[in-house]
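Here are the chains, one letter per residue:
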There are 4 protein chains.
Amino acid sequence: MTVHIGVIGAGAIGADHVRRIGARVPGAAVVAVADIDPARAGEVASGAGARVLPSGLDVVTDPHVDAVLVTSWGPTHADYLLAAIDAGKPVFTEKPMVTTAADGLRIVEAEQSSGRRLVRVGFMRRHDAGYRAMKEVLASGEIGTPLLMHCVHRNATAPETYHSEMAIRDTAVHEIDLIRWLLDDEVVSAQVISPRRTSRRFEHLQDPQFMLFETASGVRVDLEVFVNCQYGYDIRCEVVGEMGTVELPHPADVWVRSGARLRTPVLQDWSERFAAAFDDELIEWVASVREGRASGPDSWDGYAVAAVTDAAAESLGSGEVLPVLLDKRPAFYG
Amino acid sequence: MTVHIGVIGAGAIGADHVRRIGARVPGAAVVAVADIDPARAGEVASGAGARVLPSGLDVVTDPHVDAVLVTSWGPTHADYLLAAIDAGKPVFTEKPMVTTAADGLRIVEAEQSSGRRLVRVGFMRRHDAGYRAMKEVLASGEIGTPLLMHCVHRNATAPETYHSEMAIRDTAVHEIDLIRWLLDDEVVSAQVISPRRTSRRFEHLQDPQFMLFETASGVRVDLEVFVNCQYGYDIRCEVVGEMGTVELPHPADVWVRSGARLRTPVLQDWSERFAAAFDDELIEWVASVREGRASGPDSWDGYAVAAVTDAAAESLGSGEVLPVLLDKRPAFYG
Amino acid sequence: MTVHIGVIGAGAIGADHVRRIGARVPGAAVVAVADIDPARAGEVASGAGARVLPSGLDVVTDPHVDAVLVTSWGPTHADYLLAAIDAGKPVFTEKPMVTTAADGLRIVEAEQSSGRRLVRVGFMRRHDAGYRAMKEVLASGEIGTPLLMHCVHRNATAPETYHSEMAIRDTAVHEIDLIRWLLDDEVVSAQVISPRRTSRRFEHLQDPQFMLFETASGVRVDLEVFVNCQYGYDIRCEVVGEMGTVELPHPADVWVRSGARLRTPVLQDWSERFAAAFDDELIEWVASVREGRASGPDSWDGYAVAAVTDAAAESLGSGEVLPVLLDKRPAFYG
Amino acid sequence: MTVHIGVIGAGAIGADHVRRIGARVPGAAVVAVADIDPARAGEVASGAGARVLPSGLDVVTDPHVDAVLVTSWGPTHADYLLAAIDAGKPVFTEKPMVTTAADGLRIVEAEQSSGRRLVRVGFMRRHDAGYRAMKEVLASGEIGTPLLMHCVHRNATAPETYHSEMAIRDTAVHEIDLIRWLLDDEVVSAQVISPRRTSRRFEHLQDPQFMLFETASGVRVDLEVFVNCQYGYDIRCEVVGEMGTVELPHPADVWVRSGARLRTPVLQDWSERFAAAFDDELIEWVASVREGRASGPDSWDGYAVAAVTDAAAESLGSGEVLPVLLDKRPAFYG
């Protein structure tokens with residue numbers, strides 16, 4: 001039984017998911033595509049043998065669509081998610097689920113009213129083998145209670161349209177989800193420190209940024225976000241416990257010895273770094289849709305992360321430590 | 001358009017391929033299964049929603065079968081391959097393609113007579129990201145002309161049924177293919193040296209074995225095969241060129257610091273080590289079947305490797321250097 | 001021509017330096033030792049064939065002593081240094097040079113009045129091959145202007161006498177010197193954050209601590225100090241520049257594969273980790289004494305570091321960002 | 001009490017040892033130097049404040065010389081060692097101790113007649129921290145009985161005077177000593193295989209060479225010697241036991257991320273790679289001379305290694321497996 005998917009948003013990540021569903025995800029087919037640019041929608045749809053629909057809402061309500069994949073511009077997500085919940089259809093949304101905690105709360109409330117968990121958020125790193133192995137080590141108790149967590153998130157370069165707040169809402173968002181998931185804890189405060197800026201990129205951009213978070217149980221997390229580090233895409237993470245530490249591996253690649261150096265490549269691209277995680281995320285989502293069950297990061301996760309990014313975005317500039325304002329977690333989200 | 005696959009042999013690797021086709025390979029479905037043990041065939045078939053057929057030859061000739069997957073016992077491969085060639089159906093065979101060079105020659109000749117390249121051999125390591133990156137480095141010229149190649153192939157343990165010749169025909173077979181593929185060269189001699197045996201396993205087994213190969217262009221290759229090394233599944237490979245070397249990476253996994261040690265896991269299992277390569281191999285095979293083209297390691301590769309394993313098997317015990325007897329490569333195989 | 005050294009303080013580090021001078025430092029001999037515990041002084045002196053003197057000041061003024069080595073309790077350093085300056089004798093002091101910036105200023109002023117640079121501070125890490133290689137990479141320009149620096153300083157365990165302020169004055173002091181030396185910059189603010197405490201040690205101790213520093217040029221430095229991390233002595237450092245990063249290596253040690261793990265030891269002890277640096281530091285000091293020239297970290301470095309530790313110590317508890325109060329560097333210190 | 005050392009041979013290694021004794025070895029002084037080139041002897045002697053003597057034999061018999069350091073051309077060692085034994089003086093000789101097993105036997109016999117162990121051979125790698133840690137792991141039993149040993153010995157370039165046999169007698173000699181020392185075993189056969197030659201250097205030279213050794217207990221050892229590998233000085237060693245393996249570390253050096261690469265330097269020079277081992281070797285030798293006891297690799301080691309290099313040198317060209325002809329070890333050598 002094939003799951004028929006409707007896609008809203010045919011930009012880079014949307015096109016990539018459509019290609020991925022065709023090439024790597026058994027039991028699924030993209031049947032409808034919409035985009036604010038119909039030409040782009042047409043291109044992506046024709047590659048998948050799908051129809052173009054006039055709008056995202058048409059995708060949600062199309063009777064041939066079993067499940068919805070939202071890969072449009074962040075601020076538009078909330079309406080599509082609410083529509084999908086209203087239509088009772090499973091919906092996968094790229095991160096960030098929403099761009100404000102207020103929007104997140106609307107999703108969470110609508111979903112509870114609907115009585116079914118329909119939303120899944122694209123925090124694909126939870127499928128990365130390295131992070132999963134970290135979580136297993138933490139669960140094993142070998143390193144004891146977590147006390148600190150050190151994170152690095154670097155991109156080779158960011159486009160000129162990238163502005164300082166995106167370092168929080170679009171980039172740090174992954175680590176904020178991982179703090180919560182790896183430590184099974186909520187973030188209670190956020191602070192954004194502004195180091196000396198790189199001179200290699202745009203004047204409007206505070207890059208790098210150094211972020212600090214505290215969790216409910218007192219774990220302190222630091223995160224360097226540096227989106228124009230020039231040398232590559234580099235993700236690092238270490239959790240420090242009472243008895244030891246666990247560290248995310250550098251991706252395995254060949255070692256070359258030549259010209260007085262021993263070296264290995266640094267990846268340039270997040271899509272390459274997390275290719276297997278993207279595969280597994282969609283394979284698992286399709287399987288859960290087929291089986292009629294919820295799976296993966298849910299709308300509570302999307303909302304809780306938005307609450308943290310709201311606080312961090314407010315701290316940007318002042319550098320103040322700000323509290324994260326988060327509702328009490330309803331039993332509905334387990 | 002779904003490719004309908006018939007499977008001959010429902011043992012461990014057969015069952016694994018069937019599961020993999022369902023879970024990870026879009027555009028393919030297993031429709032028929034045969035095994036000398038009909039109960040086993042039934043189990044595997046029912047998981048995939050496929051029919052059980054009385055024999056492997058029935059699978060080949062079944063009109064609903066578009067392509068054949070041979071995962072039966074090695075010595076039975078040749079007959080199924082010849083039947084598939086005769087039926088004009090694409091056929092994927094697990095390694096070793098054949099257990100003697102003579103059988104390999106029969107396949108190669110039948111395929112040429114048929115006028116189409118139909119056979120693909122399951123040398124999945126050619127899909128491993130590490131080996132592919134090695135091949136790219138070699139092609140780039142950065143390390144210059146290859147002179148030496150060092151290989152290690154270790155398994156944690158082998159079952160009691162494993163005997164000394166299997167270290168050559170079932171285990172070393174992967175590296176023999178890789179020598180040829182990475183260096184784009186043929187092996188011209190083989191020698192098997194017998195070091196002190198491990199006392200941890202069976203008396204009948206010469207383990208480890210140390211193998212030496214020479215290629216047509218004079219590259220010397222050494223290969224340690226140690227199938228009861230106790231600590232894990234460990235594959236290593238380094239090619240030494242005139243100006244540098246390139247080395248296969250250790251699989252990336254978490255680093256834990258605890259109890260005065262920094263450590264990372266060693267995998268225990270080949271299926272885990274090469275999981276992504278197995279996925280990619282089958283995905284590529286199915287795509288090539290759908291598109292009606294040949295792909296991947298062909299029957300010439302299977303035959304050439306068998307010629308090397310014949311020489312090595314003869315050297316086992318005496319430790320003599322023996323020539324590899326190989327026909328001239330026909331233009332048919334490019 | 002042998003340099004005759006008088007040692008003040010025969011505790012662990014004093015005894016270690018005396019042993020080291022005998023075993024690894026050509027051209028030097030310990031001729032006099034004093035300690036508040038005369039028995040301990042006697043033990044250390046007899047091993048070196050030196051005399052015991054009644055007090056540290058006697059060591060300074062003893063006519064057979066060419067140069068003084070101060071390894072007594074931190075708060076006593078200032079008086080011995082002033083005495084040595086007064087006597088016109090080269091003096092090497094263990095870190096911290098002084099326990100307050102005010103004392104540091106007294107040393108700096110006395111030395112300037114004397115007209116000669118006589119004081120050398122035992123920041124031995126400047127002799128570590130790893131840090132030196134980092135400095136070379138920074139100097140080469142390959143990674144561009146520094147923007148961030150991440151540091152970790154972990155000890156397996158600390159004794160019960162170790163209290164929270166020692167994490168700053170005795171432990172972080174090394175990294176504070178390295179920030180200044182690697183970046184060729186002064187620290188202008190300090191902040192100490194208190195994460196969740198480890199439950200493995202003493203209630204009176206805030207452990208770990210997370211420290212933040214800013215330099216005059218805007219580089220942000222974070223430093224985790226965790227003196228009861230249980231698993232070993234672990235020092236890490238990474239400088240992030242506009243175009244790349246440079247990272248201190250993990251000390252080289254054997255790799256063992258066994259029991260499903262690949263592992264290497266983690267050192268347990270700072271004296272083992274920096275053994276070669278301690279050798280080189282004393283060898284260089286003795287050579288500079290013999291040649292009548294100044295060398296290595298000077299009293300300005302000792303004073304500047306004390307100014308930072310004063311600010312950090314004041315931040316401990318409140319977690320406030322506090323300015324570092326530092327005089328203008330006189331030309332005397334180059 | 002200072003040990004007065006006479007040095008025979010003021011070439012590169014001789015000059016380096018003289019410098020090292022002055023700079024890094026407490027309790028020793030070079031008092032006399034001889035060389036076939038008196039100008040060179042003069043230069044080295046003046047740096048150390050030593051006298052020039054007309055010949056090596058004069059150094060041995062000089063009454064001011066307590067101990068002799070032989071760093072002359074290999075074939076001249078035997079006569080100086082015999083003279084030192086005759087004079088009853090401790091003598092340190094660079095490797096190879098002798099260039100034939102026959103000469104080795106003369107030393108061994110003379111020493112036994114003299115009744116004292118006076119000769120120490122400069123196998124400095126036994127002092128390398130990495131090899132020592134390997135030996136500890138082997139002694140711990142963690143990896144079980146050794147079965148195989150893999151070695152690599154690469155130099156960036158060799159001078160034009162370097163000929164094929166030197167790969168055995170001057171280069172492989174280090175690993176041959178290590179096989180014996182790490183495994184506590186004797187080598188019983190040797191074989192030298194000639195791979196494709198590098199085109200980057202001299203036509204007269206077989207480079208690389210691939211050597212195979214067997215020990216009395218059946219351990220098989222392979223050794224790649226490649227003295228014009230271009231990229232650096234690279235030494236590797238792994239011992240494979242019944243339950244695990246132990247591997248020599250790559251020297252620790254900084255890690256740089258820049259230009260899409262993560263890289264660390266490869267050393268260019270053996271003197272840098274083994275600097276600490278050279279220090280420790282001479283420090284230990286001087287201490288043992290002072291205390292009147294034997295220490296380190298002895299003349300039996302020098303002789304046994306020569307017996308292996310004799311066999312390997314004979315195998316060069318033919319590639320035959322040749323037995324190592326070695327006398328029975330006398331009780332005198334423990």
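Residues numbered from 1 in each chain as written. Chains lettered and ligands numbered in written order. Predicted model: local features only at pLDDT ≥ 70, side-chain atom pairs only at ≥ 80, totals over all residues. Heavy atoms only, no water.

This is how the line gets drawn: UniProt positions are given in the numbering used here, feature names are shortened, and annotations may be inferred rather than shown by experiment.
Under an unreviewed UniProt entry, the name given to chain A is Inositol 2-dehydrogenase, and the organism recorded is Amycolatopsis pigmentata. Entered under Subunit (unreviewed entry) in the UniProt record, the comment concerning chain A runs "Homotetramer." One UniProt comment on chain A, placed under Sequence similarities (unreviewed entry), says "Belongs to the Gfo/Idh/MocA family."

## Re the overall build of chain A
The criterion, for reference: Counting from the N terminus, the helices are the DSSP runs of H or I reaching at least four residues and the strands are the DSSP runs of E reaching at least two. The positive count covers Lys and Arg only, the negative count covers Asp and Glu only, and His and the chain ends enter neither. Positions of charges follow a simple convention, taking NZ of Lys, CZ of Arg, CG of Asp or CD of Glu.
Scanning chain A for helices and strands turns up 10 helices and 15 strands. Once the C-alpha set of chain A is aligned to its principal axes, its extents read approximately 55 × 55 × 45 Å. Distance between charge centroids for chain A: 4 Å, based on 32 positive and 47 negative side chains.

## Let's talk about the sheet that holds strand 1 (residues 3-8) of chain C
Pairing between the strands of a sheet comes from backbone hydrogen bonds, and it takes one of two forms, parallel or antiparallel. Residue and element names in this part refer to chain C. Where we set the bar: When DSSP finds at least two bridges between two strands, those strands are taken to pair. Throughout, a contact is declared for two residues whenever any of their heavy atoms are within 4.5 Å. Axis definition: a line fitted to C-alpha atoms, limited for helices to the stretch in contact. Angles are taken between N-to-C directions and run from 0 to 180 degrees.
Across the sheet, six strands lie side by side as 3-2-1-4-5-6; this open sheet has parallel pairing. Both outer strands of the open sheet, strand 3 (51-52) and strand 6 (119-121), are each paired with one neighbouring strand and no more. Bridge count between strand 1 and strand 4 (residues 67-70): four bridges; the pairing is parallel. Residue pairing for strand 4: Ile8 is matched across the bridge by Val70. Across the sheet, helix 1 (residues 12-24) lies against strand 1, strand 2 (28-34), strand 4 and strand 5 (91-93), angled at about 155 degrees from strand 2, the strand it touches most.

## Side note on the interface of chain A and chain C
How we decide: Summed over both partners, the accessible area lost on bringing two parts together, with a 1.4 Å probe, is the buried area. Salt bridge criterion: a side-chain nitrogen from Lys or Arg within 4 Å of a carboxyl oxygen from Asp or Glu.
Contacts between the two partners involve 40 residues from chain A, matched on the other side by 40 residues from chain C. Both faces combined, the contact of chain A with chain C buries some 3000 Å², and carbon together with sulfur accounts for 56% of it. When the buried area of chain A at its contact with chain C is split by residue, Leu147, Arg196 and Glu242 of chain A rank highest and sum to 22% of it. If you look at where chain A meets chain C, you find eight salt bridges. The partner of Glu238 of chain A in a salt bridge is Arg154 of chain C, with the nearest N and O atoms 3.3 Å apart. Counting residues per element, the side of chain A that touches chain C draws most heavily on strand 7 (residues 146-154) of chain A, which supplies six residues.

## Brief notes about the nonpolar core
All names here are of chain A. Put simply, the rule is: As used in this record, nonpolar core signifies buried Ala, Val, Leu, Ile, Met, Phe, Trp, Tyr and Cys residues forming a set joined through side-chain atoms within 4.5 Å. Think of it in three bands: with a 1.4 Å probe and only protein chains considered, a residue is buried below 20% of the maximum accessible area for its type, exposed above 50%, and partly exposed in between. Delimitation of the domains relies on an automatic or database domain assignment.
If you look at the biggest cluster of nonpolar residues, it comprises 82 residues, and the most contacted ones within it are Tyr131, Met134, Met149, Met211, Phe213 and Val246. The two domains that each donate at least three residues to this core are domain 1 (3-125 + 276-298) and domain 2 (129-268 + 305-333). Setting aside residues no more than four positions away along its own chain, Phe213 makes contact with Ile176, Ile179, Val187, Ser189, Ala190, Val219, Arg220, Val221, Leu223 and Val308.

## What to know about the interface of chain A and chain B
It is common to give the size of an interface as the accessible area that goes away when the parts come together. Defined as follows: Throughout this description, a polar contact denotes any pair of N or O atoms lying within 3.5 Å of each other; where both atoms belong to protein, one of them has to be capable of donating a hydrogen while the other can accept it, and for residues adjacent in sequence the pair is counted only when both atoms sit in side chains. Residues are sorted three ways: Asp, Glu, Lys and Arg are charged, Ala, Val, Leu, Ile, Met, Phe, Trp, Tyr, Cys and Pro are nonpolar, and all the rest, Gly among them, are polar.
Counting residues at the interface gives 31 residues for chain A and 31 residues for chain B. In total, chain A and chain B occlude about 2200 Å² of area from one another, counting both sides; carbon and sulfur atoms represent 52% of this. Summed over the three residues of chain A that lose the most area to chain B, namely Arg24, Val254 and Arg257 of chain A, the buried surface amounts to 23% of that side. Run the count over chain A and chain B and you get six salt bridges. Of the charged contacts in the structure, one is a salt bridge between Arg257 of chain A and Glu247 of chain B, with a shortest N-O distance of 2.6 Å. Joining chain A to chain B, the criterion identifies 12 residue pairs in polar contact (both at pLDDT 80 or more). Elements with a minimum of two residues in the side of chain A that touches chain B: helix 1 (12-24), helix 6 (129-140), strand 12 (244-247), strand 13 (255-258) and helix 9 (275-290) of chain A. Counted by class, the side of chain A that touches chain B contains 16 nonpolar, six polar and nine charged residues. Inspection of the sheet shows strand 12 of chain A paired to strand 13 (residues 255-258) of chain B by four bridges, in the antiparallel sense. Pairing of Thr245 of chain A across the sheet is with Arg257 of chain B, part of strand 13 of chain B.

## Examining the relation of the copies chain A and chain C
Heads up, the condition is: For this overlay, a least-squares fit was computed on C-alpha atoms, restricted to residues scoring pLDDT of at least 70 in both copies.
With an RMSD of 0.0 Å, the operation that places chain A on chain C is a rotation of 180 degrees combined with a shift of 0.0 Å along the axis. In short, the pair behaves as if placed about a two-fold rotation axis. When each C-alpha of chain A is compared by its distance to the rotation axis, Asp222 of chain A comes out closest, at 4.4 Å. Here 100% of the interface residues in chain A have copies in chain C that are interface residues too; the copies meet face to matching face.

## Thoughts on the UniProt feature "domain: GFO/IDH/MocA-like oxidoreductase" (unreviewed entry) in chain A
As annotated in UniProt, the feature "domain: GFO/IDH/MocA-like oxidoreductase" (unreviewed entry) corresponds to residues 131-247 of chain A in the numbering used here. Secondary structure across residues 131-247 of chain A divides into 24% helix and 36% strand, with the first and last C-alpha atoms of the span separated by 9 Å.

## Description of the packing of helix 7 (residues 166-183) of chain A against helix 10 (residues 299-315) of chain A
Residues and elements named next belong to chain A. Which entries qualify depends on this criterion: Throughout this description, any angle smaller than 35 degrees is read as roughly parallel, any larger than 145 degrees as roughly antiparallel, any in the 65 to 115 degree range as roughly perpendicular, and the remainder as oblique. Crossings are sorted by hand: turned counterclockwise from the far helix by less than a right angle, the near helix makes the crossing left-handed, and turned clockwise it makes it right-handed.
Taken N-terminus to C-terminus, the directions of helix 7 and helix 10 make an angle of 125 degrees; their axes are 9 Å apart at the nearest point. In terms of orientation, helix 7 lies oblique with respect to helix 10. Crossing of helix 7 against helix 10: the hand is right-handed. Only Trp300, Asp301, Ala304, Val305, Ala306, Val308, Thr309, Asp310, Ala312 and Ala313 of helix 10 make contact with helix 7, whose side of the interface consists of Ile168, Arg169, Val173, Ile176, Asp177 and Arg180. Residue classes in the contact of helix 7 with helix 10 are distributed as 10 nonpolar, one polar and five charged.

## A word on the side chain of Gln191 of chain D
Residue and element names in this part refer to chain D. When you line up the elements, Gln191 lands in strand 8 (residues 187-193). Within the local environment of Gln191, its side chain forms a polar contact with the backbone oxygen of Gly319, the two atoms lying 3.0 Å apart. For Gln191, the contacting residues outside a window of four places in its chain are Phe210, Met211, Leu212, Ser315, Gly319, Glu320 and Val321.

## Thoughts on the sheet that holds strand 6 (residues 119-121) of chain D
Residue and element names in this part refer to chain D. A sheet is described by the order of its strands in space; here six strands give the open sequence 3-2-1-4-5-6, paired in parallel fashion. Only two strands of the sheet have a single neighbouring strand rather than two, namely strand 3 (51-52) and strand 6. Sheet strands touched by helix 1 (residues 12-24): strand 1 (3-8), strand 2 (28-34), strand 4 (67-70) and strand 5 (91-93). Its angle to strand 2, the strand with the most contacts, is close to 155 degrees. Sitting on the sheet, helix 9 (residues 275-290) is in contact with strand 1, strand 2, strand 4, strand 5 and strand 6, with an inclination near 125 degrees to strand 1.

## Some thoughts on the packing of aromatic side chains
Under the convention used in this document: Note on aromatic contacts: the rings of Phe and Tyr and the six-membered ring of Trp form a pair at centre separations within 6.5 Å, being stacked when their planes are under 30 degrees apart, edge-to-face when over 60 apart, and tilted otherwise.
Using the criterion set out here, one finds 26 aromatic pairs over all chains in the structure. On the basis of an interplanar angle of 85 degrees and a centroid distance of 4.9 Å, the ring pair of Phe332 of chain B and Tyr333 of chain B is categorised as edge-to-face. Between the aromatic rings of Phe92 of chain D and Trp285 of chain D, the centroid separation amounts to 5.4 Å while the plane-to-plane angle is 55 degrees, which identifies the pairing as tilted. Here Phe92 of chain D is found in strand 5, whereas its partner Trp285 of chain D is found in helix 9, with 193 residues between them in sequence. According to the relative accessible area criterion, Phe92 of chain D is buried, its value standing at 0%. For Trp285 of chain D, a relative accessible area of 3% gives the class buried. In this structure an aromatic cluster arises from ring pairing among Trp300, Tyr303, Phe332 and Tyr333 of chain A.

## Focus: the pattern of salt bridges
Following the criterion strictly, the structure yields 132 salt bridges over all chains and no others. For Arg220 of chain C, the salt bridge is made with Glu214 of chain C, and the minimal N-O distance between the two is 3.6 Å. Across the salt bridge formed by Glu291 of chain D and Arg293 of chain D, the nearest N and O atoms sit 2.7 Å from each other. Classification of Arg293 of chain D as partly exposed rests on a relative accessible area of 39%.

## Some remarks on the pairing of strand 10 (residues 220-226) of chain A
All names here are of chain A. Counting buried positions along strand 10 gives six out of seven residues, so the element sits mostly inside the fold. Across seven bridges, the pairing between strand 7 and strand 10 is parallel. Across the sheet, Met149 pairs through a bridge with Val221, a residue of strand 10. Of the pairings in the sheet, the one linking strand 9 (residues 209-215) to strand 10 comprises six bridges and is antiparallel in character. Each residue of the ladder has a partner; that of Met211, found in strand 10, is Leu223. What sits between the antiparallel neighbours strand 9 and strand 10 is a turn of four residues, in which Gly218 has the positive phi angle 95 degrees.

## Notes on the domain arrangement of chain A
All names here are of chain A. Under the domain assignment used here, chain A contains domain 1 (3-125 + 276-298) and domain 2 (129-268 + 305-333). Taking only C-alpha atoms into account, the centre of domain 1 sits 26 Å from that of domain 2. Taken together, the contact between domain 1 and domain 2 spans 17 residues of the former and 19 residues of the latter. A combined buried area of about 1600 Å² lies between domain 1 and domain 2, and 60% of that area is made up of carbon and sulfur atoms. Inspection of the region where domain 1 meets domain 2 yields one salt bridge. Between Arg125 and Glu175 there is a salt bridge whose closest N-O contact spans 2.8 Å. Applying the counting criterion to the domain 1 and domain 2 interface returns eight residue pairs in polar contact (both at pLDDT 80 or more). When its residues are assigned to classes, the side of domain 1 that touches domain 2 shows seven nonpolar, four polar and six charged.

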